[in-house]
Amino acid sequence: SGGLTSIECCWFDASQNDGPAIQAAFDVGGHVFFPPGVYVVGTGYPFTWNPNLQGISGTGPTRSMLVFKTKTQTGDWFNFVDPFHLRVADLGFWGPGMNSTHGGRLNFSRLNQANILGLVMERVEVHHAAADAGIKVDTPILSTFKNCRGRAVVGYPIWLKGPVACDVINCYGITCLTAGIFIDGGAAVGLEGCAAEVAGVGILAKNVFALRISHSDAEVMLARIADAPAGVTPSAVAGGSVPTGAY
């Protein structure tokens with residue numbers, strides 16, 4: 001709807017490789033839609049960004065699933081450089097496991113732009129990834145992450161670097177070696193209804209100005225820079241008793 005072109009990527013069985021067809025659809029642009037099915041990706045990735053690509057969606061993370069079967073692939077599943085006004089929704093991404101040689105993440109990075117404007121991710125799940133993050137976004141601004149989940153991720157299931165005026169709503173990380181959700185710098189960030197478990201630290205917020213955490217249940221580490229004002233030190237709050245307007 002909204003004047004977007006809908007492209008359907010076909011479903012194949014596990015002996016096939018949907019990677020080149022998916023990239024070809026991204027290259028056309030518009031709105032790439034994944035009907036219910038399992039999309040097996042063996043080659044043709046990391047998938048790259050096309051400025052004409054406006055949306056990527058499926059029918060739900062357990063209905064429209066991209067399975068990356070190559071165990072020796074390291075790095076990214078998606079490597080979208082300088083995306084803007086992109087919506088990613090209702091998709092599940094599965095890797096071959098948490099072995100350090102398996103790789104895999106959804107990476108949204110910057111090269112020529114100051115930030116990533118207007119990224120919306122809703123009902124996106126990443127499972128069994130062995131990169132430094134499941135979902136990694138560099139300097140998102142005016143962006144929203146809602147009902148996203150990462151499970152069995154070596155790094156951070158959700159890692160936002162320098163977010164500004166962003167909302168993280170009902171997101172969840174479980175079974176990871178670091179923090180379930182990492183807010184790495186930035187300003188004016190809100191976390192609402194988020195949770196993490198079976199993680200080194202539930203939610204990690206570092207060097208964030210004007211951070212709001214509410215209705216969240218996890219061990220939270222709130223870290224400040226070394227030259228923080230006198231009396232302000234890193235602190236941990238456990239069991240969901242998280243203060244609003246925390247450091």
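So, a few notes on the structure that sits alongside this text. (Residues numbered from 1 in each chain as written. Predicted model: local features only at pLDDT ≥ 70, side-chain atom pairs only at ≥ 80, totals over all residues. Heavy atoms only, no water.)

Comments concerning the packing of aromatic side chains
Reasoning step 1: Applying the stated criterion to the full structure yields 17 aromatic pairs.
Reasoning step 2: Here the aromatic rings of F26 and F47 are separated by 5.7 Å at their centres, their planes lie at 85°, and the arrangement is edge-to-face. Of this pair, F26 sits in helix α1 (residues 19-28) while F47 is found in strand β4 (residues 47-48), placing the two residues 21 residues apart along the sequence. Note on accessibility: F26 and F47 belong to one class, buried.
Reasoning step 3: Ring geometry for Y156 versus F182: centroids 4.6 Å apart, planes at 45°, classification tilted. One end of the pair, Y156, is in strand β16 (residues 156-161); the other, F182, is in strand β19 (residues 179-184), and 26 residues separate them in sequence.
Reasoning step 4: Residue classification places Y156 among the buried residues on the basis of a relative accessible area of 17%.
Reasoning step 5: With a relative accessible area of 5%, F182 lands in the buried category. (Phe/Tyr/Trp six-rings, centres within 6.5 Å; stacked < 30°, edge-to-face > 60°. Helix = DSSP H or I, 4+ residues; strand = E, 2+ residues; numbered from the N terminus. Buried < 20%, exposed > 50% of the residue type's maximum accessible area, 1.4 Å probe, protein only.)

Section: the pairing of strand β18 (residues 172-176)
Reasoning step 1: Bridge analysis of strand β15 (residues 149-153) against β18 gives four bridges, and the strand direction is parallel. Bridged to R151 within β18 is I174.
Reasoning step 2: Pairing between β18 and strand β21 (residues 195-197): three bridges, direction parallel. From the neighbouring strand, Y172 faces β21, where its bridge partner is A195. (Pairing = 2+ DSSP bridges.)

Remarks on the side chain of S57
Reasoning step 1: Within the secondary structure, S57 sits in strand β5 (residues 53-57).
Reasoning step 2: Beyond its immediate stretch of four places on either side in the chain, S57 contacts H31, V32, F33, F34, A89 and L91. (Contact = heavy atoms within 4.5 Å.)

Some points on the environment of G42
Reasoning step 1: Within the secondary structure, G42 is located in the loop between β3 (37-41) and β4.
Reasoning step 2: Since its relative accessible area comes to 11%, G42 is described here as buried.
Reasoning step 3: Sequence separation between G42 and V67 is 25 residues; the distance between their C-alpha atoms is 8.5 Å.

Concerning α1
Residues spaced three or four apart along an α-helix point in a common direction, a consequence of the helix completing one turn every 3.6 residues.
Reasoning step 1: Within the sequence span of α1, burial applies to G19, I22, Q23, A25 and F26. Each buried residue of α1 sits inside an arc of 155° when the element is viewed along its axis, so together they form one side.
Reasoning step 2: Immediately beyond the C-terminal end of α1, within one or two residues, lies G29, with a positive phi of roughly 95°. (Arc of directions from axis to C-beta.)

Overview of the pattern of salt bridges
Reasoning step 1: Going through the model one piece at a time under the given rule, you end up with eight salt bridges.
Reasoning step 2: Salt-bridge contacts for R105 lead to D76; the nearest nitrogen and oxygen are separated by 2.3 Å. Residue R105 is located in the loop between β8 (87-94) and β9 (106-109), and its partner D76 is located in the loop between β6 (64-68) and β7 (78-81); the two are separated by 29 residues in the primary sequence. For the pair R105 and D76, a shared accessibility class is recorded, and that class is buried.
Reasoning step 3: The partner of E125 in a salt bridge is R149, with the nearest N and O atoms 3.2 Å apart. (Salt bridge = Lys/Arg side-chain N within 4 Å of Asp/Glu carboxyl O.)

With respect to the nonpolar core
Reasoning step 1: Counting 48 residues, the largest nonpolar core has F26, F47, F80, F93, L106, M121 and L191 as its most contacted members.
Reasoning step 2: Sequence-distant contacts of F93, defined by excluding residues within four places in its chain, comprise L66, F68, W77, F78, L106, V124, E125, V126 and H127.
Reasoning step 3: Listed in part, the six residues of the second largest apolar core include A133, Y156, W159 and L204. (Core = buried A, V, L, I, M, F, W, Y, C linked by side-chain atoms within 4.5 Å.)

Such coordinate-based values are descriptive only and should not be taken to indicate function.
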